[in-house]
Amino acid sequence: MAHIQQVSQVTGEQQIENTYTSAATARDVHPELLLAMNTRLAKSQGQSATSENRNPSSDDLPKVSFTHTEAGYGTRASHNAPIPEEVQRYAREHGLKVKLADGNYEYHLIANGRDKLIASVDSRTPLKDGFRQVDDQINPLVHQKMAELKARFGADFSTNNEYASFKDDRGHHKIPCREPDLKELAAAEAALSKNVRGSGAAPKLYFLKHNIDGYYGADALTGKDESGRKAIFIQSSFAYERATNADGTYRGRSMEYVLAHELNHAARLDDPGHSRDNSPLAPATPEEIARYDRTGWSVIADKSGNKCWALRGKNGEYYTLVDTFADAEWVRVNKNGELLRGDGKPFPPDDLRDPEKYRALLEADSFLRFDQVRQRAKVTPPTSCFTGPEEELCDAEALFHDRDKRAWLLRLSPQVYDVAKELDQERIDRSYGKGADGKPIKVRNSDGEIVDATNENLESIRQFEEDGKKIPPRKY
Ligand SMILES: [Zn+2]
């Protein structure tokens, strides 16, 4: 696991897979992620997959559908008049869809469940001139939106020719940046509009021109930049078909969803009682331990005092994620902090870093796939993003900001729902204050909006939760 230390403010993503994308179309999953998933799958199938675990349950196979079909855009539009690959690539690189209509190349932004015409150019225009004309139409919109989001939310965005500078345990990074495109800005706007920061300042969003070494398969990292400002570093591989949650079904991830997750990390940095480090060895605060305990996580210390976060199983057993010679693996751990082989015998942590001993552990069925761990967990992690308790909770909060995903969270993992709701309300109360009676002034309604805590709004939330609870949580 990548563990960033620079005052330990950056949290690495290790989202190899997600419930929502476990069987999603390739359009929804970045090729690098698919590769990582396949590698992982190939490896795990060489392990101890039992028949009931080898395939995800049918419930786990999302039927991904899109609000907007591809019809009319790109190659499929082009039975008679194909749209040149350069034009399609230009559109892709600007987060837009292109179609040929009335002799014009029309560039459309698909976001918030809507299709908006952004720019248009005569298709007979020489390509380079055409791109320049489209640039002239798009660029003012980009800059206008960046200024608007700065004014509304305090968020800043990287510009072209700027560098992102920060430190992690691999050293100092200085990575060239670019300004976001309209699709990314639509996603950021959707995520920012639902994010409540509590007392902290807004982050800066850096769109990197290349990925950060060592964060393979990660969409983004949250931490601080060299100036000490909270920052979200978005990898160049960040790519989702959907800009916002409204552009698909509740089962799909979107750019908005991922940015919401990162904004939750950023808000977490300012939460009282947060240890500001979600690494496994972090000295968690008592408040944090108590909160995460309710989501099924315990801190376990070995006899040398080394601590790890461990997820409790249904039968009182524990699972922890460890770095190995080859990768990170889930392994059982007992209450004394001893790692356990497949046969239940303890083994020293150094064995994980020795290729031969690692292999022997692998052959002894000592490692578990994340889906096996998820099935065995006492409190079900709502998504497969649960490399640690903060990861799990930040993902749960991203679900909480969206009506359909929030209902899903409630059904699947009511305990995690309660903790996500409580943490969210604490931030809302810090942002908006409480009434003289000590009750909240604002609450988040089931659509994810921050509204007055009127009886009517509270009743609507109660009704939403009651309806959601009527559907039993999925069994693992
Ligand atoms: Zn994360």
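Residues numbered from 1 in each chain as written. Predicted model: local features only at pLDDT ≥ 70, side-chain atom pairs only at ≥ 80, totals over all residues.

## A look at the overall build of the protein
Going by this rule: Note on conventions: DSSP H or I runs of at least 4 residues are helices, E runs of at least 2 residues are strands, and numbering of each starts at the N terminus. Residues with at least 20 neighbouring C-beta atoms inside 10 Å of their own are called buried, those with 12 or fewer are called exposed, and the rest are partly exposed, where every C-beta is derived from the backbone. Remark: residues whose backbone-derived C-beta atoms lie within 7 Å of one another are considered to be in contact.
A count of helical and extended segments in the protein gives 13 helices and 18 strands. Burial analysis of the protein (476 residues in total) assigns 42% to the buried set. Put simply, of all contacts in the protein between residues at least 6 apart along the chain, 60% involve residues at least 24 apart.

## Observations concerning the environment of E189
As for its position among the elements, E189 is in helix α5 (residues 182-194). Residue E189 is classed as buried on the basis of its C-beta count, with 22 C-beta atoms lying within 10 Å. A C-alpha to C-alpha distance of 8.2 Å links E189 and E256, two positions 67 residues apart in sequence.

## Quick notes on the nonpolar core
What counts here: A set of buried residues drawn from Ala, Val, Leu, Ile, Met, Phe, Trp, Tyr and Cys, joined through C-beta atoms within 7 Å, is what defines a nonpolar core.
With 69 residues, the main nonpolar core has Y206, L208, F233, L409 and A420 as its most contacted residues. Excluding residues within four positions of it along the chain, Y206 makes contact with S158, A164, C177, A231, I232, F233 and I234. In terms of nonpolar packing, the next biggest core, distinct from the first, is built from 19 residues, C308, A310, V333 and F367 among them.

## Observations concerning the sheet that holds strand β2 (residues 104-111)
Quick reminder of the rule: In this scheme, strands are said to pair when DSSP sees at least two bridges between them. Fitted lines through C-alpha atoms serve as axes, helices being fitted only where they are in contact, and the angles separating the N-to-C directions of these axes extend from 0 to 180 degrees.
Judged by pairing direction, the sheet is antiparallel, and its three strands sit side by side in the order β1-β2-β3 without closing on themselves. What marks the edges here is a single partner per strand, and that holds for β1 (97-101) and β3 (114-122). Averaged over all adjacent pairs, the angle separating strand axes in this sheet is 30 degrees, with direction ignored. Sheet topology note: the β1/β2 ladder contains five bridges and is antiparallel. When the bridges of β2 are listed, K97 appears paired with H108.

## Description of helix α12 (residues 414-432)
The condition that has to hold: Multiplying 1.5 Å by the residue count of a helix minus one yields the expected span of that helix.
The terminal C-alpha atoms of α12 lie 26 Å apart, and with 19 residues this matches the ideal 27 Å at 1.5 Å per residue to within 8%. Looking only at α12, the buried set comprises V416, Y417, V419, A420, K421, L423, D424, R427 and I428. Against α6 (255-268), α7 (286-293), α10 (389-400), α11 (403-412), β17 (442-444) and β18 (450-452) lie the buried residues of α12. Taken from the residues just after α12, G433 is the one with a positive phi, measuring 80 degrees.

## Section: the packing of helix α4 (residues 127-153) against α5
For the record, the criterion: Roughly parallel means an angle under 35 degrees; roughly antiparallel, over 145; roughly perpendicular, 65 to 115; everything else is oblique. Two helices crossing with the near one rotated counterclockwise from the far one by less than a right angle form a left-handed crossing, whereas a clockwise rotation gives a right-handed crossing. Classification used: nonpolar for Ala, Val, Leu, Ile, Met, Phe, Trp, Tyr, Cys and Pro, charged for Asp, Glu, Lys and Arg, polar for all others including Gly.
As a packed pair, α4 and α5 sit with axes 10 Å apart at the nearest point and diverge in direction by 15 degrees. When the axes of α4 and α5 are compared, the pair comes out roughly parallel. Remark: the crossing between α4 and α5 carries left-handed chirality. Taking contact as the criterion, the partners of I138, L141, V142, K145, M146, L149 and F153 in α4 are, on α5, L182, L185, A188, E189 and L192. For the contact of α4 with α5, the class distribution of residues is ten nonpolar, no polar and two charged.

## What to know about the confidence of the model for the protein
Cut-off, in case you're wondering: Residue-level confidence of the predictor, termed pLDDT, takes values from 0 up to 100.
Mean pLDDT over the protein: 82, with 80% of residues reaching 70 or higher. Taken together, the stretch residues 1-71 has pLDDT below 50 and engages in 135 contacts with residues farther than four places along the chain or on a different chain. Contacts for the low-pLDDT stretch residues 75-79, under 50 throughout, to residues beyond four places or in other chains number seven contacts.

## Section: the pairing of β3
Across eight bridges, β2 lies against β3 in antiparallel orientation. Note that in β3 the partner of H108 across the bridge is L117.

## Points about the packing of α10 against α12
Helix packing geometry: the angle between the two helix axes and the distance between the axes. Across the interface, α10 lies against α12 with an axial gap of 9 Å and an inter-helix angle of 80 degrees. Classified by the interaxial angle, the pair formed by α10 and α12 is roughly perpendicular. Residues L393, A396, E397 and F400 of α10 lie in contact with α12, whose contacting residues are V416, V419, A420, K421, L423 and D424. Among the residues making up the contact of α10 with α12, the classes are represented as seven nonpolar, no polar and three charged.

## A few points about α11
In terms of burial, α11 is largely enclosed, as seven of its ten residues are buried. K405, R406, A407, W408, L409, L410 and L412 are the residues of α11 that are buried.

## Examining unusual backbone geometry
Of note, the phi angle at N112 is positive, near 55 degrees, even though the residue is not glycine. Its place among the elements puts N112 in the loop between β2 and β3. A positive phi is found at N161, a non-glycine position, where the angle reads about 70 degrees.

## Remarks on the environment of L269
Secondary-structure assignment places L269 in the loop between α6 and α7. The buried category is assigned to L269, around which 21 C-beta atoms lie within 10 Å.

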